[in-house]
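Geometric and topological summary
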Amino acid sequence: MTLKLGCIADDYTGASDLANTLTRAGLRTVQTIGVPSDDLALPEVDAVVVSLKSRSIEAELAVSRSRAAEKWLRGRGADHVLFKICSTFDSTDKGNIGPVMDALRADSGDKVVLVTPAFPETGRTVYQGNLFVGSVPLNESPLKDHPLNPMHDSNLVRVLTRQSRTKAGLVPLADVTRGPAAVRARLGDLANQGVGAAIIDAVFDADLETIGEVAVGHRVSVGASGIGLGLARALTAGGRKAAEVAAWEPIGGPAACLAGSCSQATLGQIAKAKEIMPVLHLDPDHVVEGKEEGRRALAWARERLGSGPLLIASSATADQVAAVQARHGREAAGHAIEQAMADIAEGLVAAGVRRWVVAGGETSGAVVDRLGIPGFLVGAEIAPGVPVLRTVGARQDDMLLALKSGNFGGPDFFADALKLMR
Ligand code: ADP
């Protein structure tokens, strides 16, 4: 199998978002958790998104991990590698976008790397090199107060110049609007001026298609899910639809739902789930105090698994959460509850559960880590941004999962998910 596209994402949720976007655009896509082992058995796929957690680590470490991911992807035949960054260009003057881009550029032999975080359908546009978040420039958006990487400059040519060893330049919208040939001509001019990284304007979805068409002729590009969409369109030439990539063999077996998210949306979804399945509410104080509550939940679940799906939730209202945090500390309570959910998941796998719906970003991370799942094939979309996932290369039999962060999904999310997870 030869990959059409390799991607390296600098965080997990960004990786899921990209994998979902590529799948919707018709590329069969696997998302891996970290750099996969050399012997990972992949199904027939077009794209792999390697999820790293490299956005806010030391630049040197981000470079070495990204290089390892690139090596793996090239080894599977990927001609083009997209380095997936946040659509708000989250970074500091030290990196990590510039240093990783420099390293991938050096490895690829490309003279100029195309760079754009634009994704017009989500309100991220770039004009004259300035990134807009909705209607305001980046430096006036909430990103100006980000705790890890506050963004005080909306001009990405300047931002990238500060982080990179190469000179950065601009492909303005006027060229993009004139089409791929005009963009290629501008890139040629920039290369002659010694520019190694080109920020490309994009304001409309059609701009991404022009950019994608040019990018597939390069070895490396840098951007968010928008350029991913452009690349996917160029690679499928509009041929394949999302539905065709999602026809999987059913998995069967018992199904379980776990909820650790305390968002309004999740609380509403749990209330609705009660109409169709048994629900156990964990006592958060007991969870923090020891393992007994997890064992109680497992015993409760084992008795009921044969009769249909069930839900175990730690979720509580904001007042209740604040009270628990006041008694035990925010971090300690959160960590203990996440680990209890992971314990319960491990116990339920042993009891035969193969279909999972997990509510909560951190909660999902804890469950996936504990089950040691190396990667997922992305399938049908349950709700915007939440696809069904099928495990790839797991030590257990194949499993289906729906991993939902807090506010995603409609009121019937649990039922909607299970309907698509046969
Ligand atoms: P979301 O996607 O909604 O942010 P997360 O799973 O990422 O959900 O985060 C929820 C956090 O709240 C987790 O750390 C979880 O362990 C913690 N938590 C869950 N239930 C409770 C509770 N009853 N009291 C305090 N913390 C809780």
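Residues numbered from 1 in each chain as written. Predicted model: local features only at pLDDT ≥ 70, side-chain atom pairs only at ≥ 80, totals over all residues. Heavy atoms only, no water.

Let's talk about the site of the ligand
What counts is decided by this rule: A molecule or strand has a residue near it when one of that residue's heavy atoms lies within 4 Å. Whenever two N or O atoms come within 3.5 Å, that pair is a polar contact, provided that in protein one can donate a hydrogen and the other can accept it, and provided that, for residues adjacent in sequence, both atoms are side-chain atoms. Surface exposure here means Shrake-Rupley accessible area, sampled with a 1.4 Å probe, where a residue is shielded only by the protein chains that are shown. Put simply, the grid is 1 Å and covers the protein atoms alone, a cavity is a trapped set of points that fit a 1.4 Å probe, a pocket is an open set with protein on both sides within 12 Å along at least five of seven lines, and lining residues have an atom within 4 Å of a point. In this scheme, a molecule is assigned to a cavity or pocket if more than half of its atoms are within 2 Å of the grid points.
Neighbouring residues of the ligand: 17 residues in total, closest S261, E338, E362, T363 and G406. Between an oxygen atom of the ligand and a main-chain N or O atom of G334, the distance comes to 2.9 Å. With respect to the ligand, the backbone of G361 contributes an N or O atom lying 2.9 Å from an oxygen atom. Calculation on the ligand without its partners gives an accessible area of 580 Å², and the protein chains cover 82% of this total. More than half of the atoms belonging to the ligand lie within 2 Å of the grid points that define the second largest pocket.

Overview of the domain arrangement of the protein
It is common to report an interface's size as the accessible area lost on association of the parts. Defined as follows: Domain delimitation in this document rests on an assignment produced automatically or drawn from a domain database. Residue contacts follow a heavy-atom distance rule, with two residues in contact if any of their heavy atoms lie within 4.5 Å. Buried surface area refers to the total accessible area, computed with a probe of radius 1.4 Å, that the two partners give up upon joining, counted for both partners together. Here a salt bridge means any side-chain nitrogen of Lys or Arg lying within 4 Å of a carboxyl oxygen belonging to Asp or Glu.
Once the domains are mapped, the protein shows domain 1 (5–236) and domain 2 (255–420). Relative to domain 2, the C-alpha centre of domain 1 lies at a distance of 33 Å. If you look at the interface, domain 1 gives 14 residues, while domain 2 gives 15 residues. In total, about 1000 Å² of surface goes out of reach between domain 1 and domain 2, with carbon and sulfur atoms giving 61% of it. The three residues of domain 1 that bury the most area against domain 2 are N20, R24 and I33, which together make up 41% of that side's buried surface. Taken together, the links from domain 1 to domain 2 amount to one salt bridge.

A look at the layout of surface pockets
Let me state the cut-off plainly: Grid points are joined across faces, edges and corners, and a volume is the space filled by probe spheres set on the points. Working definition: helices are DSSP H or I runs of at least four residues, strands are E runs of at least two. Numbering for both runs from the N terminus. Under the scheme applied, nonpolar residues are Ala, Val, Leu, Ile, Met, Phe, Trp, Tyr, Cys and Pro; charged residues are Asp, Glu, Lys and Arg; polar residues are all the others, including Gly.
The calculated volume of the largest pocket comes to roughly 1500 Å³. Around the largest pocket sit 49 residues that line it, and D11, Y12, T13, G14 and S16 are the ones nearest its centre. Residue assignment for the lining of the largest pocket shows that the elements contributing at least two residues are α1 (12–24), β2 (29–33), α8 (225–236), α13 (330–350), α14 (361–371), β16 (375–383), β17 (386–392) and β18 (400–404). Take the lining of the largest pocket: its biggest share by element is eight residues, from α1. The residue makeup of the lining of the largest pocket, split by class, is 17 nonpolar, 17 polar and 15 charged. The computed volume of the second largest pocket comes to approximately 560 Å³. Lining the second largest pocket are 23 residues, with G260, C262, Q325, G334 and E338 positioned closest to its centre. Taken together, the elements giving at least two residues each to the lining of the second largest pocket come down to α12 (318–328), α13 and α14. Examining the composition of the lining of the second largest pocket, we find that seven residues originate from one element, α13, more than from any other. Considering only residue class, the lining of the second largest pocket consists of eight nonpolar, eleven polar and four charged.

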